[in-house]
Amino acid sequence: MSTLKTRPTQASVTSFIEGLTDSQQQKDSRQLLTLLSELSGKDAVLWGDSLIGFGTYFYSNTAASTSAGQ
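Residues numbered from 1 in each chain as written. Predicted model: local features only at pLDDT ≥ 70, side-chain atom pairs only at ≥ 80, totals over all residues. Heavy atoms only, no water.

### Considerations on the overall build of the protein chain
In step 1: When you go through the protein chain residue by residue, the secondary structure sums to two helices and four strands.
In step 2: Reading the secondary structure of the protein chain in the N-to-C direction produces α-α-β-β-β-β.
In step 3: Residue burial in the protein chain is summarised as follows: out of 70 residues, 14% are buried.
In step 4: Sequence-distant contacts, at least 24 apart, represent 39% of the contacts inside the protein chain between residues at least 6 apart. (Helix = DSSP H or I, 4+ residues; strand = E, 2+ residues; numbered from the N terminus. Buried < 20%, exposed > 50% of the residue type's maximum accessible area, 1.4 Å probe, protein only. Contact = heavy atoms within 4.5 Å.)

What follows is the structure, given as structure tokens:
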């Protein structure tokens, strides 16, 4: 089974959003964070250095290998 290139980190999602230079992007990101957290029922996790995910899913291909993703 191959290893995922992008992995969850311990980095703060809030700090990542606060680090955005565009104030409108910060505002939009905070609103999306609230909305997606409520809809998914999951906490946000920063994957790699710029992807925000909610929850964990398992994918498999026709060769029956399984990968975790978010």
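### A word on helix 2 (residues 23-40)
In step 1: Helix length check: helix 2, at 18 residues, gives a terminal C-alpha distance of 25 Å against a target of 26 Å (1.5 Å per residue), a fit within 8%.
In step 2: Put simply, Asp-22 is the residue that caps the front of helix 2, since its side-chain oxygen is 2.7 Å from the backbone nitrogen of Gln-24. (Expected span 1.5 Å × (residues − 1). Polar contact = N/O pair within 3.5 Å; in protein donor to acceptor, adjacent residues only side chain to side chain.)

### Section: the pairing of strand 1 (residues 44-47)
In step 1: Both strand 1 and strand 2 (residues 51-54) contribute to a ladder of four bridges, which runs antiparallel. The residue bridging Val-45 from the neighbouring strand is Gly-53, located in strand 2.
In step 2: Count of turn residues in the strand 1/strand 2 antiparallel hairpin: three residues, of which Gly-48 carries a positive phi of about 65°. (Pairing = 2+ DSSP bridges.)

### What to know about a nonpolar patch on the surface
In step 1: Side chains of Leu-32, Leu-35, Leu-36 and Leu-39 sit close together on the surface and give an oily, nonpolar patch of about 390 Å² of accessible area.
In step 2: With respect to the secondary-structure elements, Leu-35 resides in helix 2. (Patch = residues over 30% accessible without salt bridge, like charges linked within 9 Å, V, L, I, M, F, W, Y side chains within 5 Å. Areas by Shrake-Rupley, 256 points an atom, 1.4 Å probe, with all protein chains shown as cover. Salt bridge = Lys/Arg side-chain N within 4 Å of Asp/Glu carboxyl O.)

### Brief notes about the environment of Gln-26
In step 1: Tracing the sequence through the fold places Gln-26 in helix 2.
In step 2: On a C-alpha basis, the gap between Gln-26 and Phe-16 in space is 9.4 Å, while along the polypeptide they are ten residues apart.
In step 3: The contact partners of Gln-26, leaving out residues within four places of it in the chain, are Ile-17, Glu-18 and Leu-20.

### Describing the confidence of the model for the protein chain
Reading predicted coordinates in detail is not appropriate for stretches of low pLDDT.
In step 1: Overall, the prediction assigns the protein chain a mean pLDDT of 88, with 87% of residues at 70 or greater.
In step 2: At the low end of the mean pLDDT range in the protein chain sits strand 4 (residues 66-69), at 56; at the high end sits helix 1 (residues 13-18), at 98. (pLDDT = per-residue confidence, 0-100.)

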